[in-house]
Amino acid sequence: MSAIQAAPARDRLRIAIQKNGRLAEPARALLSACGLSWRESRDKLFCYGESLPVDLLLVRDDDIPGLIADGVCDLGIVGRNELDEQGAARVQAGLAPAFHALRGLGFGQCRLMLAVPDEWEWQGPAQLSGTRIATSYPAILKDWLAARAIDAQVVELSGSVEIAPRLGTADLICDLVSSGATLRANQLKPVETLLDSEAVLAGAVRSPDDARGALMAMLLRRLDGVVQVQDRKLLMFRAEQANVPALEKLLADAEPLVRLPADEGALRLQTMCPGPLTWQRMEELERAGAQQLMVLSVERSLA
Ligand code: PRT
Ligand code: ZN
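Residues numbered from 1 in each chain as written. Chains lettered and ligands numbered in written order. Predicted model: local features only at pLDDT ≥ 70, side-chain atom pairs only at ≥ 80, totals over all residues. Heavy atoms only, no water.

Re the UniProt feature "domain: ATP phosphoribosyltransferase catalytic" (unreviewed entry) in the protein
The feature "domain: ATP phosphoribosyltransferase catalytic" (unreviewed entry), as annotated in UniProt, sits at residues 60-224 in this numbering. Taken end to end, residues 60-224 is 32% helix and 30% strand, and its first and last C-alpha atoms sit 25 Å apart. (UniProt positions renumbered as here; feature names shortened; annotations may be inferred. Helix = DSSP H or I, 4+ residues; strand = E, 2+ residues; numbered from the N terminus.)

This is the structure:
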């Protein structure tokens, strides 16, 4: 008998998500919004799906791409930074691609950036030849340097990358940035973006063609319905005809206005806005003639 046996067929879908950390809560919230619910096990590593045959595995984010590659999990929610790093490392090691991003999920946004000491005068990537760059993303950084024919030394660190220049172990760093506060606190400034990242739903390059395939398709459709409406707001207001062109200009990023007749020759207008509608923006609309403004959240939609 062969030592390697085919994995037994599974009819339950398995999704790996971060156990603790930045992506843990939003990942669960997103899957709940897709109609999934679970019974948690005592060890809190496995959650048995109750509403659908979809189970969760709670792990470290670094383990998620590997669990998909090995077929232990079908899907995972992980930062694009982590997925791309492990994907690039596989390619650099001569392995075939095993996983890819299926959907961007609209949370966990950050950027993988090069940051140099404040006192550097940044003249562009050519300046990097001969420098030492500290990072936890060596594979992405090596690809980026190679694409620009820059000969720099990559110093791999698993954490506290931002203090490497002060410790003298590197000249600059390549790390994740969101607010930029960590860089500022370490007298560093961002100069180049290698990757715009967010949480993604990742899956195997070869998706299952059994019952799990159908479950996956259903989940993706629900997920699209949730993600699409995540930041969208339905805006409703009343306006005089004469003010509509100015209001349309202020709402250039929104869908075309739906116009319904209102009292005294005025119009009742409604549109879907892609981003958050701040108080400031509502007051601006009011000054341009919008009355009785109302902003409503969209819960779900099926396209
Ligand atoms: O235990 P486990 O291994 O699962 O967790 P972890 O510590 O590896 O990951 P975690 O929870 O810190 O991050 C998970 C994912 O969140 C990352 O892979 C990114 O996709 C995403 N994310 C979004 C971030 C950030 N924003 C972020 N700001 N991950 C890390 N940071 C760190 C960054 O490394 C730097 O140290 O925050 C600091 C910079 O933040 P600002 O706001 O000061 O710029
Ligand atoms: Zn991690």
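Description of the coordination of the zinc ion (ligand 2)
Coordination of the zinc ion (ligand 2) by the protein involves Asp61 (OD) and Asp62 (OD), with metal-donor separations of 2.1 Å. Note that the zinc ion (ligand 2) binds four donor atoms; their angles at the metal cover 70 to 177°, and the shape is irregular. (Donors = N, O, S within 2.8 Å, 3.2 Å for Na, K, Ca; no water. Tetrahedral: all angles 85-135°; square planar, octahedral: opposite > 155°, others 65-115°.)

Considerations on the environment of Ala288
With respect to the secondary-structure elements, Ala288 resides in the loop between α9 (279-287) and β16 (291-297). According to the relative accessible area criterion, Ala288 is buried, its value standing at 19%. Along the sequence, Ala288 and Gly71 sit 217 residues apart, while their C-alpha atoms lie 56 Å from each other. Apart from the residues within four sequence positions on either side, Ala288 is in contact with Asn243, Leu247 and Leu250. (Buried < 20%, exposed > 50% of the residue type's maximum accessible area, 1.4 Å probe, protein only. Contact = heavy atoms within 4.5 Å.)

A closer look at the confidence of the model for the protein
Confidence in the prediction of the protein, expressed as mean pLDDT, is 93, and 97% of residues score 70 or more. pLDDT under 50 marks residues 1-6. Its contacts with residues more than four places away, or in other chains, come to zero contacts. (pLDDT = per-residue confidence, 0-100.)

Thoughts on the site of ligand 1
The environment of ligand 1 is formed by 21 residues, the closest being Arg60, Asn81, Ser179, Gly180 and Thr182. Take Asp61: an N or O atom from its side chain is 2.9 Å from an oxygen atom of ligand 1. In this structure, Ala181 approaches ligand 1 through a main-chain N or O atom, which is 3.5 Å from an oxygen atom. For ligand 1, the protein covers 77% of the area, taking 840 Å² as the surface of the free molecule. Only β10 (172-177) and α6 (181-185) provide two or more residues apiece to the shell around ligand 1. It is β10 that contributes the most residues to the shell around ligand 1, three residues altogether. Residue composition of the shell around ligand 1, grouped by class: five nonpolar, eleven polar and five charged. (Near = heavy atom within 4 Å. Polar contact = N/O pair within 3.5 Å; in protein donor to acceptor, adjacent residues only side chain to side chain. Areas by Shrake-Rupley, 256 points an atom, 1.4 Å probe, with all protein chains shown as cover. Nonpolar A, V, L, I, M, F, W, Y, C, P; charged D, E, K, R; others polar.)

A closer look at the domain arrangement of the protein
In terms of domain boundaries, the protein breaks down into domain 1 (13-108 + 199-227), domain 2 (110-196) and domain 3 (232-297). Its C-alpha centre places domain 1 at a distance of 29 Å from the equivalent point of domain 2. With nine residues of domain 1 at the interface, the matching set in domain 2 holds eleven residues. Contact between domain 1 and domain 2 buries roughly 790 Å² in total, counting both sides, with carbon and sulfur atoms accounting for 54%. Area buried by domain 1 at its contact with domain 2 is led by Asn81, Glu85 and Gln92, which between them contribute 64% of it. Summed over the shared surface of domain 1 and domain 2, the number is zero salt bridges. Inspection of the domain 1/domain 2 interface yields six residue pairs in polar contact (both at pLDDT 80 or more). (Domains from an automatic or database assignment. Buried area = accessible area lost by both parts, 1.4 Å probe. Salt bridge = Lys/Arg side-chain N within 4 Å of Asp/Glu carboxyl O.)

A few points about the nonpolar core
Among the nonpolar cores identified, the biggest contains 27 residues, and Ile15, Ile17, Leu31, Leu36, Leu56, Ile77 and Leu105 are the most heavily contacted of them. Elements with a contribution of two residues or more to this core: β1 (13-18), α1 (24-33), β4 (54-59), β5 (75-79), β12 (199-204) and α7 (211-229). In terms of residue count, α7 provides more of this core than any other element does, six residues in total. Counting residues in hydrophobic clusters, the runner-up holds 17 residues, among them Leu112, Leu114, Tyr137 and Leu172. (Core = buried A, V, L, I, M, F, W, Y, C linked by side-chain atoms within 4.5 Å.)

Looking at the packing of helix α3 (residues 80-92) against helix α4 (residues 138-147)
Direction vectors running N to C along α3 and α4 enclose 70°, while the axes themselves pass 7 Å from each other. Relative to α4, α3 is oriented roughly perpendicular. By crossing handedness, the relation of α3 to α4 is classed as left-handed. Across from Asn81, Asp84, Glu85, Ala88, Ala89 and Gln92 in α3, the residues of α4 making contact are Pro138, Ala139, Ile140, Lys142 and Asp143. Class assignment for the residues of the contact of α3 with α4 results in five nonpolar, two polar and four charged. (Axes fitted to C-alpha atoms, helices over the stretch in contact; angles between N-to-C directions. Parallel < 35°, antiparallel > 145°, perpendicular 65-115°, else oblique. Left-handed = near helix turned anticlockwise from the far one by under 90°.)

Quick look at the sheet that holds strand β14 (residues 258-261)
Adjacent strands of a sheet pair through backbone hydrogen bonds, lying either parallel or antiparallel. The strand order across the open sheet built from four strands is β14-β15-β13-β16, with neighbouring strands paired in antiparallel fashion. For this open sheet the edge positions go to β14 and β16, each flanked by a neighbour on one side alone. Neighbour-to-neighbour, the strand axes of this sheet turn through a mean angle of 20°, independent of strand direction. As paired elements, strand β13 (residues 233-239) and strand β15 (residues 267-273) share seven bridges and run antiparallel to each other. Paired with Lys233 across the bridge in β15 is Cys273. (Pairing = 2+ DSSP bridges.)

So, the sheet that holds strand β6 (residues 99-104)
The strand order across the open sheet built from seven strands is β2-β3-β4-β1-β5-β12-β6, with neighbouring strands paired in mixed fashion. Here the strands that pair on one side only, and so sit at the sheet edges, are β2 (38-40) and β6. Neighbour-to-neighbour, the strand axes of this sheet turn through a mean angle of 30°, independent of strand direction. As judged from the five bridges shared by β6 and β12, these two strands associate in the antiparallel manner. Along β12, the bridge assignment pairs Phe99 with Ala204. Set on the sheet, α3 makes contact with β5, β6 and β12; between it and β6 the angle comes to about 160°.

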